[in-house]
Amino acid sequence: MIEPLSPPAESVFRLGRSNFSTRSVPPEARHDYYRREVLVALDARDPEPGFSANITALRLGPHAFYVTETGGQTMFRTPEMIAADGLDHYIVQFNIAGSHTGDFDGVPFAFGPGEVGICDLSRPMLLNSTAVKVLSTFLPRAAVQAVAPGVELHGMVLDGNRAGLLIEHLTAVTRWFPQLLPETLPGITRATTELLGACLAMEAGRADFGVRESPVLLRARSYVEHNLLEPSLNPAKISEALGVSRSTLYRLFEPLGGVTAYIWDRRLHLARAALLDPKRARRISEIAFQCGFSSEAHFSRSFRKAFNIRPSDLRSLQPALGDEPETPFAKWTEAATGG
């Protein structure tokens, strides 16, 4: 995640694009450069060896979408930071690749490829990430609370089934960015917030809405995310890794359709995220085999059953963000904080 950046007030109804990259920075200085040039509302530590960062910002008036690739690291927001900057936004982040685990104001959480996570910048958080690729945006509190009054959003995770409309909207905006007209910008901003509200309404239909998962289930889900592409991943291996009995594991996963069904569902969502990857256009057969399917035909049948769309048709939604020379990635925080 990166902190919310907003353009100056005079460009409210204009489009713009900026790129940030550490590729020209010596490896040992990259993380400090990233922290200095990009992060304000959040800070980061403990970068994995070989850390790098590449960010494309698509600005639609006061709103912006970000396609972000970073190496593994720990990010955090403290009460002192909250008091100092007063930012009052939600970060809405779609994971294209990689996983996050952490603590959102005392509540553990985990989300991985194909899922959407929500962070409230008025609350503390600690986020541990693998190397990730994410598509994110920042929404003002008042706009979000208008479509989701009284809902506890900090640390909420929406799976691809319930967040599918929002995910496809985010990827479509990045894909169509070069063709957008300034007069369309207010409508796109409203649509983003309203689609989040629609996804939250679907989430509210769950019997366990508002009930936090048990710590053991969170650990199990995190283990699955980190080992999703391992052919040997199965209930026995998860039970052994977590130190719980298989009967306990089956009971924990029963509301999610069972352990094995959950693993295959996560693999399908990983494949779905790969098909929507803004920059990589891997062959469908390559994605299928990497995600554990025995054939492209088997993958296509399973995918269509899960998402009611063929993989090849979904691929048409893939954002087309061509490479451009990098330009200075300015900090546009004054507008977001009213400064």
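Residues numbered from 1 in each chain as written. Predicted model: local features only at pLDDT ≥ 70, side-chain atom pairs only at ≥ 80, totals over all residues. Heavy atoms only, no water.

Enquirer: Before we move on, could you go through the overall build of the protein and cite the residues and values that matter?
Expert: A tally of regular secondary structure across the protein gives 13 helices and 12 strands. Going through the 339 residues of the protein one by one, you find that 52% of them count as buried. Pairs at least 24 apart in sequence give 77% of the contacts found in the protein among residues at least 6 apart. As displayed, the protein offers around 14800 Å² of accessible surface, 54% of which is attributable to carbon and sulfur atoms. (Helix = DSSP H or I, 4+ residues; strand = E, 2+ residues; numbered from the N terminus. Buried < 20%, exposed > 50% of the residue type's maximum accessible area, 1.4 Å probe, protein only. Contact = heavy atoms within 4.5 Å. Areas by Shrake-Rupley, 256 points an atom, 1.4 Å probe, with all protein chains shown as cover.)

Enquirer: Residues and numbers for the packing of helix H6 (residues 215-226) against helix H8 (residues 246-253), please.
Expert: One way to put it is that H6 packs onto H8 with a least axis distance of 10 Å and a crossing angle of 90 degrees. Classed by the angle they form, the pair H6 and H8 counts as roughly perpendicular. Along its contact with H6, which presents Val 216, Leu 217, Ala 220 and Arg 221, the element H8 presents Leu 249, Leu 252 and Phe 253. (Axes fitted to C-alpha atoms, helices over the stretch in contact; angles between N-to-C directions. Parallel < 35°, antiparallel > 145°, perpendicular 65-115°, else oblique.)

Enquirer: Talk me through helix H4 (residues 164-176); I want residue IDs and the actual numbers.
Expert: Compared with an ideal rise of 1.5 Å per residue, which puts 13 residues at 18 Å, H4 spans 18 Å between its outermost C-alpha atoms and is within 8% of the ideal. When H4 is considered as a whole, its buried residues turn out to be Gly 164, Leu 166, Ile 167, His 169, Leu 170, Thr 171, Val 173 and Thr 174. (Expected span 1.5 Å × (residues − 1).)

Enquirer: Would you mind going over the sheet that holds strand S7 (residues 100-104) in detail, with residue names and values included?
Expert: Read from one edge to the other, the open sheet built from five strands follows the order S2-S5-S10-S7-S8, with strand pairing classed as antiparallel. If you trace the sheet from one side to the other, it starts and ends with strand S2 (43-45) and strand S8 (107-111), each paired once. Averaged over all neighbouring strand pairs, the angle between strand axes comes to 20 degrees, with direction disregarded. The pairing of strand S5 (residues 73-77) with strand S10 (residues 125-129) spans five bridges and is classified as antiparallel. Note on S10: the bridge partner recorded for Thr 74 is Asn 128. Each of S2 and S5 touches helix H1 (residues 30-37); the most contacted strand, S2, lies at about 170 degrees to it. Helix-sheet contacts for H6 involve S7 and S8, and the interaxial angle to S8 is about 25 degrees. (Pairing = 2+ DSSP bridges.)

Enquirer: Describe the nonpolar core, and please don't skip the residues or the numbers.
Expert: By size, the foremost hydrophobic cluster in this structure holds 30 residues, and its most contacted members are Leu 60, Phe 94, Val 116, Leu 158, Leu 196 and Leu 200. Only strand S3 (53-60), strand S4 (63-70), strand S6 (89-97), strand S9 (116-120), strand S11 (132-140), H4 and helix H5 (185-204) provide two or more residues apiece to this core. Of the residues forming this core, the biggest block, five residues, is contributed by H5. Excluding residues within four positions of it along the chain, Leu 200 makes contact with Ile 118, Ala 148, Leu 153, Met 156 and Leu 158. One finds Ile 263, Ile 287, Cys 291 and Phe 293 within the second-largest nonpolar core, a separate group that totals 29 residues. (Core = buried A, V, L, I, M, F, W, Y, C linked by side-chain atoms within 4.5 Å.)

Enquirer: Tell me about the pairing of strand S1 (residues 15-21), and name the residues and values.
Expert: Burial within S1 is extensive, with five of its seven residues counted as buried. When S1 meets S3, the two strands line up antiparallel, connected through seven bridges. Across the sheet, Ser 18 pairs through a bridge with Ala 57, a residue of S3.

Enquirer: Can you break down the confidence of the model for the protein residue by residue, with the values?
Expert: Of all residues in the protein, 84% have pLDDT values of 70 or greater, and the mean over the chain is 79. Between residues 1-12, whose pLDDT stays under 50, and residues either more than four places distant or in other chains, the model counts 56 contacts. Every residue in residues 319-339 is under pLDDT 50, and counting partners more than four places away or in other chains gives 63 contacts. (pLDDT = per-residue confidence, 0-100.)

Enquirer: Provide a residue-level description of the pattern of salt bridges, including the pertinent values.
Expert: Under the counting rule described, the total for this entry stands at 10 salt bridges. Here Asp 32 ties to Arg 35 by a salt bridge, and the two come within 3.6 Å at their closest N and O atoms. In this pair, Asp 32 and Arg 35 both sit in helix H1, three residues apart, roughly one turn of the helix. Where Arg 123 meets Glu 152, a salt bridge forms, and the shortest distance between an N and an O atom there is 3.2 Å. Within this pair, whereas Arg 123 is found in the loop between S9 and S10, its partner Glu 152 is found in the loop between helix H3 (141-147) and strand S12 (157-158), the two being separated by 29 residues in sequence. Exposure remark for Arg 123: the relative accessible area of 23% places this residue in the partly exposed category. One salt-bridge network, in which partners are shared between bridges, spans Asp 32, Arg 35 and Asp 43. (Salt bridge = Lys/Arg side-chain N within 4 Å of Asp/Glu carboxyl O.)

Enquirer: Quick rundown of the packing of helix H7 (residues 235-242) against H8? Include the residues and the values.
Expert: Packing of H7 against H8 brings their axes to within 9 Å, and their N-to-C directions diverge by 105 degrees. The pairing of H7 with H8 is recorded here as roughly perpendicular in orientation. On H8, the residues that touch Pro 235, Ala 236, Ile 238 and Ser 239 of H7 are Arg 246, Leu 249 and Tyr 250. Taken together, the residues of the contact of H7 with H8 sort by class into five nonpolar, one polar and one charged. (Nonpolar A, V, L, I, M, F, W, Y, C, P; charged D, E, K, R; others polar.)

Enquirer: Now, about the sheet that holds S3: what can you tell me, with residues and values included?
Expert: One open sheet holds the seven strands; their spatial order is S1-S3-S4-S11-S6-S9-S12, and the pairing between them is antiparallel. For this open sheet the edge positions go to S1 and S12, each flanked by a neighbour on one side alone. The pairing of S4 with S11 spans six bridges and is classified as antiparallel. Following the sheet pairing, Thr 70 is matched in S11 by Val 132. The strands touched by H1 are S1, S3 and S4; relative to S1, the strand with the most contacts, the crossing angle is about 155 degrees.

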